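Listed below are the residues making up each chain.
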Amino acid sequence: MILNREEASASLEWKCSQAFGERNPDEELQDVDIVSAIEFDKTGDYLAVGDRGGRVILFETVGGKNTPNQHISRSELEKQMDFTSTSHPEYRYKTEFQSHEPEFDYLKSLEIEEKINRVRWCAAPNGSMFILSTNDKTIKLWKVRDQKVKKIKEMDHFPFVSSENTLLAEKNFMNEHNPPSFAHGYHLEWTENMASKIANVGNSVHARCQKVYPHAHDFNINSISNNSDCETFVSADDLRINLWNLEISDQCFNIVDMKPSNMDDLTEVITSAEFHPIYCNLLAYSSSRGFVRLVDMRQSALCDHSARILRDAAESHGSKSFFTEIIASISDIKFANDGQHLLSRDYMNLKLWDIRMDSTPVATFKIHEHLRPKLCDLYNNDSIFDKFEGSVSGDGLHFATGSYSNLLRIFSHGVGSAGGITVEAGKNENRKPILQAAPRARRSSLSNLTRGLYRQAHENSSSGHHELSYNLSSKLLHLAWHPTTNLIACANGNSLFFHYA
């Protein structure tokens, strides 16, 4: 079924609760500060944000962890449940660390950006936080933990600390009836008062790189995904998908290889990969042709020949143009928590799939249908290559994605009205336009080569310059849905916004 943009959904009323990184109208946006990845952890207590400067910024809930505490009384637990049911989580800055640095590949004469492409949370059995982050070539596993900082409240001006020579000399003249007055070089009376002289002054956060997974991809990494077995993860580039063990950083297994023997025969590339949330043997990956392939890793070592393909039969039989394959390219896929439904985002639509039905999506939500007459202009200014992400609510009934003019599009399926609502991301709806960084030159990418994109052949295809109704420089590319409540974190430029319903 096709859901039009004009239909409104009254099931949820969305409001902006927080905003981080808002700039003054005259403040210029630095390219290294632009957000490039967002991810909630499994509990929703923490949020990880990656930027183009190679940094990972962590946020935490203001009221502490939302995970239940087994050692509190029933009355206190009921109070917490009543509070959480009538309020939404609020977040505060926790820490940040430099995950990646710019590098240079001397063999290929290639500059490797520090930009964070993806961040993923790993299982944390001992209370520490484990985060996978990747740039174009290298994946890193980070351990983040809180450390208590202690400070000595008072100190004697002349502490009675004895040197090793003094202790040895005293032992030579000491008999059994005169026990030493020193313990490990300190006077006993000073040691006994030590505990009363130390005070806790707070916590500090320490981030340490645990593992580095390098040199496994010839092309740029576009996605990483953790497995439900909490032991393995996959990394995908334009032509290959590799399977890693978290504990082994110098070896991986290639499970999908789409590289042809002759690169001139290349027709599609991998755009995203995602593990099934329940079954550790199932993996889904999308392509630039608009296909989603579902594979079972138990069937063969290379999974690309035994895949179940989800494709929209209605689009394959429709009229085609030069831009058909470009706008059909899937930029992001997400599984719902039930494992039966999968959300895919291409340039024009947001589609909901039932993995048991491979011929047509369950629902199609139109996002950029009003821009179809402007595809030539969008191609000329590179906007047609923008990669928007999609997100699914914890109950699997609501879906969100971004658009231009800083708009957040939210849809519901099976709850309330069938249409979607449009929300402008940000605290002040009437704020002035935000300055954006200068447009970057388009990098050579296999995803461009497969579509036959040659600017010279189409520079004069437009009859003239047309003013687009949307602000194409202000786009909401990255967002994440809270795992347990209706709260969405989304980013535009270096600004991070939280919306709740």
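Residues numbered from 1 in each chain as written. Predicted model: local features only at pLDDT ≥ 70, side-chain atom pairs only at ≥ 80, totals over all residues. Heavy atoms only, no water.

S.K.: Describe the pairing of strand β32 (residues 487-492), naming the residues involved and giving the relevant values.
M.R.: β32 sits mainly inside the fold: 6 of its 6 residues count as buried. The two faces of β32 match: L487, A489 and A491 on one face and I488, C490 and N492 on the other face are all buried. Bridge count between strand β31 (residues 478-481) and β32: 4 bridges; the pairing is antiparallel. Paired with H478 across the bridge in β32 is A491. (Buried < 20%, exposed > 50% of the residue type's maximum accessible area, 1.4 Å probe, protein only. Helix = DSSP H or I, 4+ residues; strand = E, 2+ residues; numbered from the N terminus. Pairing = 2+ DSSP bridges.)

S.K.: Go over the sheet that holds strand β15 (residues 223-226), please, and point to the residues and values.
M.R.: Read from one edge of the open sheet, 4 strands run β15-β16-β17-β18, paired in antiparallel fashion. Where the open sheet ends on each side, the last strands, each with one partner, are β15 and β18 (248-257). Sheet twist, expressed as the mean angle between neighbouring strand axes with direction ignored, is 25 degrees. Across 6 bridges, the pairing between strand β17 (residues 240-245) and β18 is antiparallel. Bridge pairing in β18 links L243 to F253. (Axes fitted to C-alpha atoms, helices over the stretch in contact; angles between N-to-C directions.)

S.K.: Could you give an account of the pairing of strand β24 (residues 341-346), naming the residues involved and the relevant values?
M.R.: Counting buried residues in β24 gives 5 out of 6 residues, a clear majority hidden from the surface. Pairing of strand β23 (residues 330-335) with β24 involves 5 bridges; the strand directions are antiparallel. Residue pairing for β24: I330 is matched across the bridge by D346. Hairpin connection between β23 and β24: a loop of 5 residues separates the two successive antiparallel strands, and G339 in this loop has a positive phi of roughly 80 degrees. Pairing of β24 with strand β25 (residues 349-354) involves 5 bridges; the strand directions are antiparallel. The partner of L342 across the bridge, within β25, is W353. Counted along the chain from β24 to the antiparallel partner β25, the turn is 2 residues long.

S.K.: Run through the environment of L407, naming residues and quoting values.
M.R.: One can find L407 in strand β29 (residues 407-412). Distance in space between the C-alpha atoms of L407 and E424 is 4.5 Å, their sequence separation being 17 residues.

S.K.: For the packing of aromatic side chains, give the residues involved together with the corresponding values.
M.R.: Per the counting criterion, the structure on display carries 21 aromatic pairs. Each ring, one from F322 and one from Y379, has its centre 5.8 Å from the other, and the planes form 85 degrees; the classification is edge-to-face. Remark: Y379 occurs in helix α6 (residues 375-380) and F322 occurs in the loop between α4 (313-316) and α5 (324-328); sequence separation between them is 57 residues. Look at F322 and you get partly exposed, because its relative accessible area is 27%. (Phe/Tyr/Trp six-rings, centres within 6.5 Å; stacked < 30°, edge-to-face > 60°.)

S.K.: Give a detailed account of the pattern of salt bridges, specifying residues and quantitative values.
M.R.: All told, the structure shown has 21 salt bridges when counted by the stated rule. Across the pair D332 and R118 runs a salt bridge whose closest N-O atoms are separated by 3.7 Å. Of the two residues, D332 sits in strand β23 while R118 sits in strand β9 (residues 118-122), which places them 214 residues apart along the sequence. A residue is classified by how much of its surface remains accessible, and R118, at 7% relative accessible area, is buried. In this structure, D296 and R298 form a salt bridge, with 2.9 Å as the shortest nitrogen-oxygen distance. Salt bridges linked by common partners bring E60, R92, K94 and D146 together as one network. (Salt bridge = Lys/Arg side-chain N within 4 Å of Asp/Glu carboxyl O.)

S.K.: Explain the environment of W244 residue by residue, including any values.
M.R.: With respect to the helices and strands, W244 occurs in strand β17. Spatially, the C-alpha atoms of W244 and F233 are 5.4 Å apart, while their sequence positions differ by 11 residues. Apart from residues no more than four positions distant in its own chain, W244 is found in contact with I139, Y213, P214, A216, E231, T232, F233, S235, S249, Q251 and C252. At 2.8 Å, the side chain of W244 forms a polar contact with the side chain of S235. (Contact = heavy atoms within 4.5 Å. Polar contact = N/O pair within 3.5 Å; in protein donor to acceptor, adjacent residues only side chain to side chain.)

S.K.: Explain unusual backbone geometry to me, and be specific about the residues and the numbers.
M.R.: Residues other than glycine seldom take positive phi values, yet S109 does so here, at roughly 50 degrees. Following the sequence through the fold, S109 ends up in the loop between β7 (103-105) and β8 (110-112). Residue D382 is not a glycine yet carries a positive backbone phi of 70 degrees. Within the secondary structure layout, D382 lies in the loop between α6 and β27 (390-392).

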